[in-house]
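The lines below spell out each chain.
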Amino acid sequence: MTIRVGVVGTGMIGADHVTRLTTQVVGAAVTAVFDVATERAQQVAAATANASARPSWEALVTADDVDAVLIASPGPLHPDQAIACIAAGKPVLCEKPLAATSSEALRVLAAEVAAGRRYVQLGFMRRYDAGYLDVKAAMADGTIGEPLLAHAIHRNATVPDFFRGEMSLTDSLVHEFDIFRWLFDAEVAAVTVLPVKTSPLAAEGMRDPQIAILEMAGGEVITVESFVNCQYGYDVRCEIVGSLGTVSLDNPRTTVVIAAGRRSERVPADWQARFASAYTRELQGWIDGLAARIVGGPSTWDGYAATAIAEAAVTSYARAERVDVRLVDKPPLYTEGGPIPDRAVSVIQR
Ligand code: NAP
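Here's a quick rundown of the structure. Everything quoted here is computed from the prediction, not taken from an experiment.

With respect to the packing of helix α5 (residues 102-115) against helix α10 (residues 300-319)
Following both chains from N to C, one finds α5 and α10 inclined at 165°, their axes separated by 9 Å at the closest point. In this view, α5 runs roughly antiparallel relative to α10, as classed from their interaxial angle. The crossing of α5 and α10 is left-handed. In this structure, α5 contributes S102, A105, L106, V108, L109 and E112 to the contact, and α10 contributes T300, W301, Y304, T307, A308 and E311.

Below you can see the structure in the form of C-alpha cells.
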C-alpha cells in the first residue's frame, strides 16, 4: 500500500521532506506540492516522479490523489491548513509550531476534538532521535533513580537576519519545551526567561544568549540555554540528574582526529545534519501508522502545550518575571494510554 502525500510549503524543510519521502521512506509517494513561491513548487515537482504542483493549498488538501498532507509552510499558516485537512478527513503531519499563539492552537484542538479522532501529528522529530530515546529509556527504567532536574543547551551557529529574540523561544526552544514534557511525562507549570549578558555578535536589539527555567508540574526544574549566534556549529545537549545518577545526551560521535597535540571531533553544522535520521524515522513512523490506519506520535495537544509554554516564555522575556503556564483541560481524545499522548492513537477511516 502506498500513501499518497501532498506537501504544502516547499521551502527549506518542505523540500527536504519531499526528498526523504521519495528516496528514504518506504510506502509513501509525493503526488502533489504547493508553495506560494510557484517556481519553487514547480522545481520540486519536476524533480519528483509523479508529482505535480497544485494551484492552491486548498486544492491540494481536497485532491483525490492525496491521502495525507505534510504542512511545511510558515507557522502562522498552520492552524487554517491543519483545520482544512481535518475537515477533508485527511491525516496531517504538521511541522512545528502548531500555531503562533495558544488561542490559534486551540482552534485546531477544537476542530480535531469535534471530529472525534486524531488527524494531526506534530513535527517534534526529536522524539524519534536515537539519543533522546536512550535518555528516555534510562529515565524510565530506574537507572538514574528518580529524575530531579535537567540542564540543556541549544546553540545555533547563526540565524537569518529576520530572526528576533522572541524567536529563540517560539522557534528554537519550542523543541526543548516539547522534549522535556515528553521526557518527564509532565506538563510545564511555569517558565522564567533570564536576561544574560548579550553577545557582541548578536543582531541589534536581540538578547542572545538567554536562559529559560522550566518548572515542571511534578517539581522538577530544567534550565535551558538558548544561544543562536554561538558561531561554532549546531550544538544540542542535555543532562538529566536523578537521585542515583545522571544521563547525558551529547552530540553523536563521529570521527575523532588526533594530531599536533590535540584531540578533536566535529560539531554538527546545523539541525539538518544533527537530526537527519530522526526526520526519516519520524516520517517512516507516520507513514507506517497511516498504512495501519493509525495516527500517533506528538499530538495536537503537544503542539498546543508547547505553544502555550513559548507564549508564557515570551511574556517572561518581555516583563523579566516568572510566568505560570495555564492550559485548558486536556480533552479525553489525548489522554488514552497515558498522561502524554504519544501513545494515544486514533484510527482513520478511509
Ligand atoms: P521556509 O524555507 O521559509 O519555507 C516555507 C515555504 O512556505 C516558503 O517557500 C514560503 O514561500 C512558503 N509559503 C508561504 N506562504 C505559504 C502558503 N500560504 N502556503 C504554502 N506555502 C507557503 O521555511 P522552513 O524553514 O522550511 O520552515 C517551514 C516550517 O517548518 C516552519 O513552521 C518551521 O518552524 C518548521 N521547521 C521545522 C524544523 C524542525 O526541526 N522540525 C526545522 C525547520 C523548519 P515564501 O518564501 O515566498 O514566503
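Next, the rest of the story.
Re the sheet that holds strand β3 (residues 52-53)
If you trace the six strands from one edge of the open sheet to the other, you get β3-β2-β1-β4-β5-β6, paired in parallel fashion. Here the strands that pair on one side only, and so sit at the sheet edges, are β3 and β6 (120-122). Two strands pair when backbone bridges link them, and strand β5 (residues 92-94) and β6 are joined in this way by three bridges, in the parallel orientation. Pairing of L93 across the sheet is with Q121, part of β6.

What about the packing of aromatic side chains?
In this structure the tally under the stated criterion is four aromatic pairs. Ring geometry for F180 versus F184: centroids 6.4 Å apart, planes at 40°, classification tilted. Placement of both F180 and F184 in helix α7 (residues 165-184) is noted, with a separation of four residues, approximately one turn of the helix. F184 matches F180 in its accessibility class, with the two residues each being buried. Judged by centre distance (6.3 Å) and plane angle (75°), the ring pair of W271 and Y279 falls under edge-to-face. Given the relative accessible area of 3%, Y279 is considered buried. The ring of W182 is capped by K136, whose NZ or CZ atom sits 5.0 Å from the centre of that ring. For the cation-ring pair, R207 lies above Y317, with the distance from its terminal atom to the ring centre recorded as 4.1 Å.

Quick notes on the environment of Q231
Within the fold, Q231 resides in the loop between β10 (221-227) and β11 (235-242). Separated by 75 residues in sequence, Q231 and N156 place their C-alpha atoms 7.3 Å apart. Excluding its chain neighbours within four sequence positions, the residues that come into contact with Q231 are N156, A157, T158 and L201.

Regarding the site of the ligand
What surrounds the ligand is a group of 25 residues, the closest being I13, D35, R40, K96 and Y279. A distance of 2.7 Å separates an oxygen atom of the ligand from a polar atom in the side chain of D35. For the ligand, a nitrogen atom lies 3.4 Å from a polar atom in the side chain of Q81. Protein contact buries 77% of the 900 Å² of open area that the ligand shows by itself. Elements with a contribution of two residues or more to the shell around the ligand: α1 (12-23) and α4 (78-87). For the shell around the ligand, the residue count by class is 13 nonpolar, eight polar and four charged.

Quick notes on the rules
Residues numbered from 1 in each chain as written. Predicted model: local features only at pLDDT ≥ 70, side-chain atom pairs only at ≥ 80, totals over all residues. Heavy atoms only, no water. Axes fitted to C-alpha atoms, helices over the stretch in contact; angles between N-to-C directions. Helix = DSSP H or I, 4+ residues; strand = E, 2+ residues; numbered from the N terminus. Parallel < 35°, antiparallel > 145°, perpendicular 65-115°, else oblique. Left-handed = near helix turned anticlockwise from the far one by under 90°. Contact = heavy atoms within 4.5 Å. Pairing = 2+ DSSP bridges. Phe/Tyr/Trp six-rings, centres within 6.5 Å; stacked < 30°, edge-to-face > 60°. Buried < 20%, exposed > 50% of the residue type's maximum accessible area, 1.4 Å probe, protein only. Lys NZ or Arg CZ within 6 Å of the ring centre and 35° of its normal. Near = heavy atom within 4 Å. Polar contact = N/O pair within 3.5 Å; in protein donor to acceptor, adjacent residues only side chain to side chain. Areas by Shrake-Rupley, 256 points an atom, 1.4 Å probe, with all protein chains shown as cover. Nonpolar A, V, L, I, M, F, W, Y, C, P; charged D, E, K, R; others polar.

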